Amino acid sequence: MRGIPSVRNVAIVGAGPAGLTAAVYAGRSLLAPLVLEKAVPGGQLNETDLIENWPGTGDPVSAPELMAQLRRQAEQLGAEIVQDEVIGIEPGKTTHRVVTEQGAVEARAIIVCPGSRPRELGVEGAARLKGRGVSYCATCDGYFFRDRHIVVVGAGDSALMEALFLTRFASRVSIVVRHPKDDPTAIRASVSMRRRAEEHPKVRFLWDRAIEEIVGEAFVSAIRLKELSTGGVEEIAADAVFVNIGRIPQTDFLRGSVELDDGYLVTDERLRTSVAGVFAAGDARRGAHRYSQAIVAAGDGAMAALEVEHYLSHELLGVDSCGPDPVAVRGRKVG
């Protein structure tokens, strides 16, 4: 990559909340971080309109503007943000090679923050009405459907948890389940979670059904359901459809380089991956992925950057009196 030193202290892959926060903390440690982002810095929050649960903001804040502010803060602290897609990582002993579409760079430490994306519902109307009643985040958008009829798609713990959360706002929550009620595999959630949902006065299950179409012009107005045992089709009025059928970690480029579990990055409690000097943060990390919240990803990014600073100062260089200065690496661009 033209103009970029051949060896960096730390390369950060991804510029969502985790990556940008990691850049802020690494910048404050004078590590001159390099941030590589294939799209627009800010990650999935660029697709969100308003954030109401970011600590300290008070009034709802524009998600893209919040991420723009975070980017400016990282750059003011010495981060360099480059638009380029990372296509692989080649682990080494004291440095690692980050391969991108435009070239490659060597880094003493790497923080991977590739994020994840919701598994989207592949039916007619779902893509067209995304953000207009079709949502993949109950905590983000539930508030906007107060006293409305909400449909939930998904039968796992997280889906039922979101359905119960949505009862705070909705007049009624309908959960679409593809299997008959007496099918022991119908609900993948725990027994206690299923019981809570079945006993809630606002919740009803639509058994043995699948959504064929989400109906609406500017916004969701109804869903078209197929009864799987009979083939019959019905249309019911609805104001929103919340989908929770899993997430897809964006980690294909890391296969064969670090340990993954069902696509998610495996780390210890210090966010260290299976490769020394490679750390992970955000939604693509096993454990953090179950929350899918910007503030959780940001916290991960801060932790990872602090661990990188410790790794560079103590583990990589050593701290014995005969060894090199443990802080000599800080703020130094080599190459």
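In this text the structure is predicted, and so the values were computed from the model without any measurement.

S.K.: Please explain the state of the cysteines as it appears in this structure.
M.R.: Two cysteines form a disulfide when their sulfur atoms are joined by a covalent bond. In total, this model carries one disulfide according to the counting rule given. One disulfide bridge connects C137 with C140, the sulfur atoms lying 2.2 Å from each other. Every disulfide takes its handedness from the sign of the S-S torsion; for C137 and C140 that torsion is 65°, giving right-handed. A relative accessible area of 29% places C140 in the partly exposed class. No disulfide involves C113; its sulfur sits 19 Å from the nearest other cysteine sulfur, which is in C140. Owing to a relative accessible area of 6%, C113 belongs among the buried residues under this scheme.

S.K.: Explanation requested: the packing of aromatic side chains in the structure shown.
M.R.: For any pair of aromatic rings, the description rests on two quantities: the centre-to-centre distance and the angle between the ring planes. Summed over the entire model, instances satisfying the criterion amount to six aromatic pairs. With a centroid separation of 5.3 Å and 70° between ring planes, the pair formed by F165 and F169 is classed as edge-to-face. Each member of the pair, F165 as well as F169, carries the same accessibility label: buried. Centre to centre, the rings of F205 and W207 are 4.8 Å apart; their planes meet at 15°, and the pair counts as stacked. Assigned by exposure class, F205 and W207 land together as buried. Members of the aromatic cluster, joined through ring pairs, are Y143, F144, F165 and F169. A cation sits over an aromatic face here: R146 above Y143, 4.1 Å from the ring centre.

S.K.: I tried to follow the side chain of T273 on my own but got confused; where do I start?
M.R.: Residue position: T273 is located in the loop between β20 (264-265) and β21 (278-280). By relative accessible area, which is 11% here, T273 ends up buried. Looking at T273, its side chain comes within polar contact range of the main-chain oxygen of V278, at 2.8 Å. Each residue touching T273, except ones within four places of it in the same chain, is listed here: V258, V266, T267, V278, F279 and A280.

S.K.: When you look at the packing of helix α1 (residues 17-28) against helix α2 (residues 63-76) in this model, what are you seeing that I'm missing?
M.R.: Here α1 crosses α2 at 30°, and the two axes come no closer than 8 Å. Taken together, the axes of α1 and α2 are roughly parallel relative to one another. The element α1 and its partner α2 pack so that their crossing is left-handed. Only M67, L70, R71, Q73 and A74 of α2 make contact with α1, whose side of the interface consists of P17, L20, T21, A23 and V24. A per-class count over the contact of α1 with α2 returns seven nonpolar, two polar and one charged.

S.K.: How do you make sense of the pairing of strand β17 (residues 240-243) when you look at a structure like this?
M.R.: Regular strands place their side chains on alternate faces of the sheet. By the alternation rule, side chains of β17 split into A240 and F242 and V241 and V243, which are all buried. Note that strand β10 (residues 134-135) and β17 share two bridges and pair parallel. Bridge assignment links S135 to a residue of β17, and that residue is F242. Judged from the four bridges that link them, strand β11 (residues 149-153) and β17 form a sheet pairing that is parallel. Bridge pairing in β17 links V152 to F242.

What counts, and at which threshold
- Here the residue numbering is sequential within each chain, running from 1 through the sequence in written order.
- Owing to the predicted nature of the model, reporting of local features is limited to residues with pLDDT of at least 70; listing and counting of side-chain atom pairs is limited to 80 or more, with chain, interface and lining totals taken over all residues.
- In computing side-chain values, all of the structure's heavy atoms are included and hydrogens and water are not.
- Throughout, a disulfide means two cysteine sulfur atoms within 2.5 Å of one another.
- Any residue under 20% of the maximum accessible area for its type is buried, any over 50% is exposed, and the rest in between are partly exposed; the area is computed with a 1.4 Å probe on protein chains only.
- Ring pairs are drawn from Phe, Tyr and Trp, using the six-membered ring of Trp, whenever the two centres fall within 6.5 Å, and their geometry is named by plane angle: stacked under 30 degrees, edge-to-face over 60, tilted for the rest.
- By definition here, charges over rings are those cases where NZ of Lys or CZ of Arg is within 6 Å of the ring centre and within 35 degrees of the ring normal.
- Secondary structure elements follow DSSP: runs of H or I no shorter than four residues count as helices, runs of E no shorter than two count as strands, and numbering proceeds from the N terminus.
- In protein, a polar contact requires one atom able to donate a hydrogen and another able to accept it; more generally it is a pair of N or O atoms within 3.5 Å, and residues adjacent in sequence count only if both atoms are side-chain atoms.
- We call two residues contacting when some pair of their heavy atoms lies within 4.5 Å.
- Every axis in this analysis is a line fitted to C-alpha atoms, fitted for helices over the stretch in contact. Angles between the N-to-C directions lie between 0 and 180 degrees.
- By the definition adopted for this analysis, an angle is roughly parallel if under 35 degrees, roughly antiparallel if over 145, roughly perpendicular if from 65 to 115, and oblique otherwise.
- Should the near helix be turned counterclockwise from the far one by less than a right angle, the crossing is left-handed, whereas a clockwise turn marks it as right-handed.
- Residues are sorted three ways: Asp, Glu, Lys and Arg are charged, Ala, Val, Leu, Ile, Met, Phe, Trp, Tyr, Cys and Pro are nonpolar, and all the rest, Gly among them, are polar.
- For two strands to be treated as a pair, DSSP must find no fewer than two bridges joining them.

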